[in-house]
Amino acid sequence: MGSRQVILSFLLPGTVAAVLLIAAAVVLRAACRRGATQSRMGVQLSWLVILLVFGGVVLGSYAWQTRIDLWPRQAQYRFPAVAIIAAAVGLVVAIVPIARRTWVLSALGLVGGGFVSWMFLSLLHESVMGASLRWLWIVVSAVVAGLSVATLERVVERVDGWRGGVVVSVLAGLLALGATMSFANAPLILGPVAMVSLATVPAAVIFPGHVYMRGVGATAAIVIVGVVVFANWFGDRERWVMYALLVAAPLSTGLCLLPRISRRGATLRLVAAALPAVVIAGIQAARAIPPLIESMSQSDGGYDY
């Protein structure tokens, strides 16, 4: 990963998001003082965050492949399409009030995650994965996406304020590192999600409101499912322990939703959301670091994902 990729995938999305969100927070805070409702203003900022995540993922894909195609034949070029689907799901959640119901969140994640999984798994040759097994894993990944979308949306709503950005940022960052075991360029796709989510923290301090992240959890969940599916089936070989840990980490944030914890203070809710994910994703990140270092030290050869 060279300096160009770092700039395009991390520094640029994070810097642009921070500048735009802080500026918007200052302006909207002043507008709120003049009588505009904070909830309405906050929802507008959540649209901006989702669009910034979308732009960051597309830019990260470009930094990796130096091209952008909407529907290419090769799997590694399909992450801009993943970004479109993820942003569409997130925007529906942010804009449509009924979409905030848990069953609708799950349905949106099921459809979006299933389509993303099909985008990748449909490219596997019959000799690698038969039709029955292919559809089984598409359904499994769709269910995982539905659960992840509902969980992350409820979590960022419950931890509220700047804390939602911290949870999604830490989660995406650790998953990006963990997925490098089979997908060395995973940070170029998940890195922008982490950086843009982190950029909401100073904006949320200036103009408080949990609605900064409405729909962002859903967007992040779809991108995560795309990365996990790609990493497991398009690396050097299938790695089921990696798959299980990467899938479990987003779901583990739901610990903060348990009744006894959800009614407690904001700090405890943040710890309950972040700590299990950090442990689970951290285990996979620790497993991924040695092969990542080894692959970086090789002059040539090996897979280039």
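Residues numbered from 1 in each chain as written. Predicted model: local features only at pLDDT ≥ 70, side-chain atom pairs only at ≥ 80, totals over all residues. Heavy atoms only, no water.

(A) Focus on the overall build of the chain. A tally of regular secondary structure across the chain gives 11 helices and zero strands. Along the chain, from the amino end to the carboxyl end, the secondary structure elements read α-α-α-α-α-α-α-α-α-α-α. Here the chain has a C-alpha radius of gyration of 18 Å; the compact-globule value for 305 residues is 19 Å, and the two agree. When the 305 residues of the chain are sorted by exposure, 54% land in the buried category. Of the contacts formed within the chain by residues at least 6 apart in sequence, a portion of 79% connects residues at least 24 apart. (Helix = DSSP H or I, 4+ residues; strand = E, 2+ residues; numbered from the N terminus. Rg over C-alpha atoms; globule rule 2.2 N^0.38 Å. Buried < 20%, exposed > 50% of the residue type's maximum accessible area, 1.4 Å probe, protein only. Contact = heavy atoms within 4.5 Å.)

(B) How the structure looks around the side chain of S46. In this fold, S46 is placed in helix α2 (residues 38-65). The class for S46 is buried, based on a relative accessible area of 0%. S46 has contacts with A94, V211, Y212, R214 and V216, leaving out every residue within four places of it along the chain.

(C) Local environment of helix α8 (residues 216-233). Here α8 spans 26 Å end to end across 18 residues, near enough to the 26 Å set by a 1.5 Å rise per residue. The element α8 is extensively covered by neighbouring structure, given that 18 of its 18 residues are classed as buried. (Expected span 1.5 Å × (residues − 1).)

(D) Highlighting the environment of L51. With respect to the helices and strands, L51 occurs in helix α2. Given a relative accessible area of 45%, L51 falls into the partly exposed group. Between the alpha carbons of L51 and A88 there is a distance of 9.5 Å; along the sequence they are 37 residues apart.

(E) Quick peek at the packing of aromatic side chains. Across all of its chains, the model carries 20 aromatic pairs by this definition. Measuring from centroid to centroid gives 5.7 Å for F79 and F183, while their planes differ by 15 degrees, and the two rings are stacked. On the criterion of sequence distance, the pair formed by F79 in helix α3 (residues 79-95) and F183 in the loop between α6 (163-178) and α7 (186-206) is long-range, its members being 104 residues apart. Residue F183 is classed as buried on the basis of its relative accessible area, which comes to 0%. Relative to Y212, the ring of F207 has its centre 6.4 Å away and its plane inclined at 70 degrees; by these criteria the two rings are edge-to-face. Per residue, the accessibility class of F207 equals that of Y212, and both read buried. Through successive ring pairs, a cluster of aromatic residues spans W64, F79, F120, F183, F230 and F234. The aromatic ring of Y77 is capped on one face by R67, whose charged end is 3.9 Å from the ring centroid. Between R78 and the ring centre of W71, over which it is positioned, the NZ or CZ distance is 4.1 Å. (Phe/Tyr/Trp six-rings, centres within 6.5 Å; stacked < 30°, edge-to-face > 60°. Lys NZ or Arg CZ within 6 Å of the ring centre and 35° of its normal.)

(F) Quick peek at the nonpolar core. If you look at the biggest cluster of nonpolar residues, it comprises 86 residues, and the most contacted ones within it are F79, F120, F183, V193, V227 and W233. Broken down by element, the residue count for this core peaks at 14 residues, all from α8. Each residue touching F120, except ones within four places of it in the same chain, is listed here: A75, R78, F79, V82, G226, V229, F230 and F234. Among the nonpolar cores identified, the runner-up in size contains eight residues, and V167, C256, I261 and A273 belong to it. (Core = buried A, V, L, I, M, F, W, Y, C linked by side-chain atoms within 4.5 Å.)

(G) Region of interest: empty space enclosed by the protein. Counted by the stated rule, this structure contains one cavity of 30 Å³ or more. In this structure, the largest cavity is lined by S141, V144, S148, I224, V225, V228, V229, Y243, L246, V247 and P250. For the lining of the largest cavity, the secondary structure elements donating two or more residues are α5 (131-159), α8 and α9 (240-252). Classifying every residue of the lining of the largest cavity by side-chain character gives nine nonpolar, two polar and no charged. (1 Å grid on protein atoms, 1.4 Å probe; cavity = no way out; pocket = protein on both sides within 12 Å on 5 of 7 lines; lining within 4 Å. Points joined across faces, edges and corners; volume = space filled by probe spheres on them. Nonpolar A, V, L, I, M, F, W, Y, C, P; charged D, E, K, R; others polar.)

(H) Quick peek at the pattern of salt bridges. Counted according to the given criterion, the structure contains four salt bridges. Taking the shortest distance from any N to any O, the salt bridge between R134 and E126 comes out at 3.2 Å. Here R134 falls in the buried class, since its relative accessible area comes to 8%. (Salt bridge = Lys/Arg side-chain N within 4 Å of Asp/Glu carboxyl O.)

(I) Inspection of α5 at higher detail. Over its 29 residues, α5 runs 42 Å from end to end, which matches the ideal 42 Å to within 8%, given 1.5 Å per residue. At the exit of α5 stands D160, carrying a positive phi of roughly 45 degrees.

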